[in-house]
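Listed below, chain by chain, are the residues.
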Amino acid sequence: MKLLEDMILERGKVLPGHVLKVDSFLNHQIDVKLLRAMADELYSVFANDGVTKILTVEASGIAIATMVADRFNVPMVFAKKHKTSNVVGDVYSVPVHSYTHNRDYTIIVSKSYLNSNDVVLLIDDFLANGCALRGLIKLVEDAGAKVAGAGIAIEKGFQEGGKSLRADGYKIASMAIVESMSDTSLTFRKND
Ligand code: 5GP
């Protein structure tokens, strides 16, 4: 999506460790117009897939997922992050490795909000190694629900997550795929 690619080029910052900082329009201050455009695009990709629920993980996915849920006219659920694996209550839970913080945490969703008849569209801001998406997929599977696919704002195509999830048959729609990035240059892959 050209709008997102232009914003990344103009306002994104590449940090050490292959981390792209997009705080000025996606992760801290939010460009609502951009989110609306992404929601429209994702609706056009997944409109015929019977989506009944949008699922993301806190915190950065929530704004995007809310806009997408509005477009699909379905509820949005966000998985909560727990620092430990000592989770109590009637929840689905799964351990996830955090790319940006380089540590493990547990994500949980109440069993009340994912049902076996749900068709779930996963949403996240970034796709890197795929740990966050794999965790969300596990939550959906544990609930006996179906994964419609995943809508991602920025995929880092030089990391393995997208390739491996597509190889496993998941429908992944990324609004921008960064092919390479360094302090001085950033290139995009053409979306197919
Ligand atoms: P993965 O689990 O696919 O390795 O990484 C995706 C998760 O890590 C996303 O939920 C996102 O919050 C975070 N993440 C991964 N790479 C980046 C990045 O380059 N910039 C930012 N801001 N977050 C990232």
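Look above for the structure.
The following refers to the structure shown. Because the structure is predicted, anything quoted here is derived from the model rather than measured. (Residues numbered from 1 in each chain as written. Predicted model: local features only at pLDDT ≥ 70, side-chain atom pairs only at ≥ 80, totals over all residues. Heavy atoms only, no water.)

## Structural notes on the environment of Ile64
Part 1: Within the secondary structure, Ile64 is located in helix α4 (residues 61-72).
Part 2: Counting along the chain gives 29 residues from Ile64 to Leu35, while the straight-line C-alpha distance between them is 5.9 Å.
Part 3: Apart from the residues lying within four places of it in its own chain, the contact partners of Ile64 are Leu26, Leu35, Met38, Ile123, Asp124, Asp125 and Ala153. (Helix = DSSP H or I, 4+ residues; strand = E, 2+ residues; numbered from the N terminus. Contact = heavy atoms within 4.5 Å.)

## As for the pattern of salt bridges
Two side chains of opposite charge can pair, provided their charged atoms sit close to one another.
Part 1: For the coordinates displayed, the defined rule picks out 10 salt bridges.
Part 2: In this structure, the salt-bridge partner of Asp23 is Lys21, at a minimum N-O distance of 3.0 Å.
Part 3: Owing to a relative accessible area of 28%, Asp23 belongs among the partly exposed residues under this scheme. (Salt bridge = Lys/Arg side-chain N within 4 Å of Asp/Glu carboxyl O. Buried < 20%, exposed > 50% of the residue type's maximum accessible area, 1.4 Å probe, protein only.)

## Regarding the pairing of strand β4 (residues 76-82)
Both faces of the sheet carry side chains from a regular strand, because those side chains alternate between them.
Part 1: As paired elements, strand β3 (residues 53-57) and β4 share four bridges and run parallel to each other. Bridged to Thr56 within β4 is Phe78.
Part 2: With α4 bridging β3 and the parallel β4, this β-α-β connection has right-handed handedness.
Part 3: Bridge analysis of β4 against strand β6 (residues 103-110) gives three bridges, and the strand direction is antiparallel. (Pairing = 2+ DSSP bridges. Right-handed = clockwise from strand over helix to strand, strands pointing away.)

## A few points about the packing of helix α3 (residues 32-46) against α4
Part 1: Running from N to C, α3 and α4 point in directions that differ by 50°, and their axes come no closer than 9 Å. Taken together, the axis directions place α3 and α4 in an arrangement best described as oblique. Between α3 and α4 lies a crossing of right-handed hand. Each of Val32, Leu35, Arg36, Met38, Ala39, Asp40, Leu42, Tyr43 and Phe46 in α3 lies in contact with α4, whose residues at this interface are Ala63, Ile64, Met67, Val68, Arg71 and Phe72. (Axes fitted to C-alpha atoms, helices over the stretch in contact; angles between N-to-C directions. Parallel < 35°, antiparallel > 145°, perpendicular 65-115°, else oblique. Left-handed = near helix turned anticlockwise from the far one by under 90°.)

## Some points on the sheet that holds β3
Part 1: Spatial strand order, β5-β6-β4-β3-β7-β8-β9-β10: eight strands in an open sheet with mixed pairing. Each edge of the open sheet carries a strand with a single partner, namely β5 (91-98) and β10 (186-188). Here the average twist between neighbouring strands, direction ignored, is 30°.
Part 2: In terms of strand pairing, β5 meets β6 through eight bridges, oriented antiparallel. Across the sheet, residue Val91 finds its bridge partner in β6, namely Ser110.
Part 3: The strands that α3 touches are β7 (119-127), β8 (146-156) and β9 (172-181); relative to β9, the one it contacts most, it runs at about 120°.

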